[in-house]
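Structural description and commentary
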Amino acid sequence: MPLADIQASMRAACEAAGRDTQDVELIAVSKVQPNERVAAILDQGHRVFGENKVQEAASKWPAFRERYRDISLHLIGPLQTNKARQAMELAQAIHTLDRPKLAKTIARLAQEKGHCPDLFIQVNTGEEPQKSGILPAETDAFIAETRALDLPLKGLMCIPPVDEEPSLHFALLAKIAERNGLKGLSMGMSSDFERAIALGATHIRVGSAIFGERVYT
């Protein structure tokens with residue numbers, strides 16, 4: 001689906017929800033996409049992208065930034081503590097803060113470097129054992145712990161279970177965010193971003209609908 005069609009769907013979803021389109025940011029998820037596809041989206045003027053792995057981001061985005069200076073890169077995959085420094089050098093936002101050890105590492109590095117990417121706490125709304133994220137019942141305490149570290153916490157992120165209605169999980173995430181005074185909601189992907197927008201998403205993560213199906217080698 002062309003980028004313009006995704007943007008049109010976003011505008012329609014915002015209008016239906018009575019929201020300003022400027023309040024929702026489209027993250028083009030470029031993981032495992034060939035550089036020519038990424039360049040085509042850059043050439044259309046889009047500048048906000050998402051990557052799952054620090055290694056892939058490091059191999060791809062420094063070169064693109066030599067040509068396109070205003071790129072905003074969001075890390076949306078699990079982050080190992082030993083990759084935190086590199087992630088903070090590459091990304092303007094990290095959506096997968098999911099444990100105290102990582103929060104403390106980022107806080108230490110932020111003090112050392114004098115800056116920190118925007119942070120989103122990943123919440124495991126489906127309480128799936130194979131998935132990263134703070135459990136809903138533990139999220140309030142982790143938010144307080146993160147704030148005590150003086151980190152720039154912008155909001156929450158979730159990835160609903162594939163076999164459940166995503167709106168239930170979006171609504172849960174929005175409820176947790178509201179009671180903690182957080183505005184950012186990173187939720188919604190290619191198949192459900194309209195429902196996420198209706199429930200307050202501020203960042204939607206769309207990959208295959210923009211770039212085409214990924215080819216894993």
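**Quick look at the overall build of the chain**
Counting its secondary structure elements, the chain contains nine helices and eight strands. On C-alpha atoms alone, the chain measures out to a radius of gyration of 17 Å, which is about the 17 Å that the 2.2 N^0.38 rule sets for 217 residues. The principal-axis extents of the C-alpha atoms in the chain amount to approximately 40 × 40 × 35 Å. Here the chain, with 217 residues, has 50% of them falling under the buried criterion.

**Quick notes on the side chain of H46**
Looking at the secondary structure, you find H46 in the loop between α2 (35-43) and β2 (48-51). A polar contact is formed between the side chain of H46 and the backbone oxygen of V48, at a distance of 2.9 Å. Other than its neighbours up to four places away in sequence, H46 contacts L3, Q7, L26, A28 and I41.

**Considering the layout of surface pockets**
Looking at the largest pocket, its volume works out to about 540 Å³. Partitioned by chemical class, the residues of the lining of the largest pocket number eleven nonpolar, ten polar and seven charged. Looking at the second largest pocket, its volume works out to about 280 Å³. Lining of the second largest pocket is provided by Q7, M10, R11, C14, T21, Q22, V24, E25, L26, H46, R47 and V48.

**Looking at the packing of helix α6 (residues 136-148) against helix α7 (residues 166-179)**
The contact between α6 and α7 brings their axes to 11 Å, and the two run at 30°. By the angle class used here, α6 and α7 are roughly parallel. Both α6 and α7 take part in a crossing whose hand is right-handed. On the side of α6, the interface is formed by P136, T139, D140 and I143, while α7 contributes L172, I176 and R179. Classifying every residue of the contact of α6 with α7 by side-chain character gives four nonpolar, one polar and two charged.

Procedures and definitions
- Every residue gets a number counted from 1 within its own chain, in the order that chain's sequence is written.
- Local features in this predicted model are restricted to residues whose pLDDT is 70 or higher, and side-chain atom pairs enter the listing and the counts only when it is 80 or higher, whereas totals over whole chains, interfaces and linings include all residues.
- For side-chain calculations, the full set of non-hydrogen atoms in the structure is used, while hydrogens and water are omitted.
- Here a helix means four or more residues in a row that DSSP labels H or I, a strand means two or more in a row labelled E, and each is numbered from the N terminus.
- Here the globule rule is a power law, 2.2 Å times the number of residues to the power 0.38, and the radius of gyration is based on C-alpha atoms.
- When accessible area is computed with a 1.4 Å probe and restricted to protein chains, residues below 20% of their type maximum are described as buried, those above 50% as exposed, and intermediate ones as partly exposed.
- Polar contact is the term for a pair of N or O atoms within 3.5 Å; when the atoms are in protein, one must be able to donate a hydrogen and the other to accept it, and sequence-neighboring residues count only if both atoms are side-chain atoms.
- Any pair of residues with heavy atoms lying within 4.5 Å of one another is described as a contacting pair.
- Each cavity reported here is a set of points on a 1 Å grid over the protein atoms alone in which a 1.4 Å probe fits but cannot get out, each pocket an open set with protein on both sides within 12 Å along at least five of seven lines, and each lining residue one with an atom within 4 Å of a point.
- Grid points are joined across faces, edges and corners, and a volume is the space filled by probe spheres set on the points.
- Charged means Asp, Glu, Lys or Arg here, nonpolar means Ala, Val, Leu, Ile, Met, Phe, Trp, Tyr, Cys or Pro, and polar covers whatever is left, Gly included.
- Only C-alpha atoms enter the line fits that serve as axes; for helices the fit covers just the stretch in contact. Angles between N-to-C directions range over 0 to 180 degrees.
- Each angle receives one of four descriptions, namely roughly parallel if under 35 degrees, roughly antiparallel if over 145, roughly perpendicular if within 65 to 115, and oblique otherwise.
- By the definition used in this description, the sense in which the near helix is turned from the far one sets the handedness, with an anticlockwise turn below a right angle giving left-handed and a clockwise turn giving right-handed.

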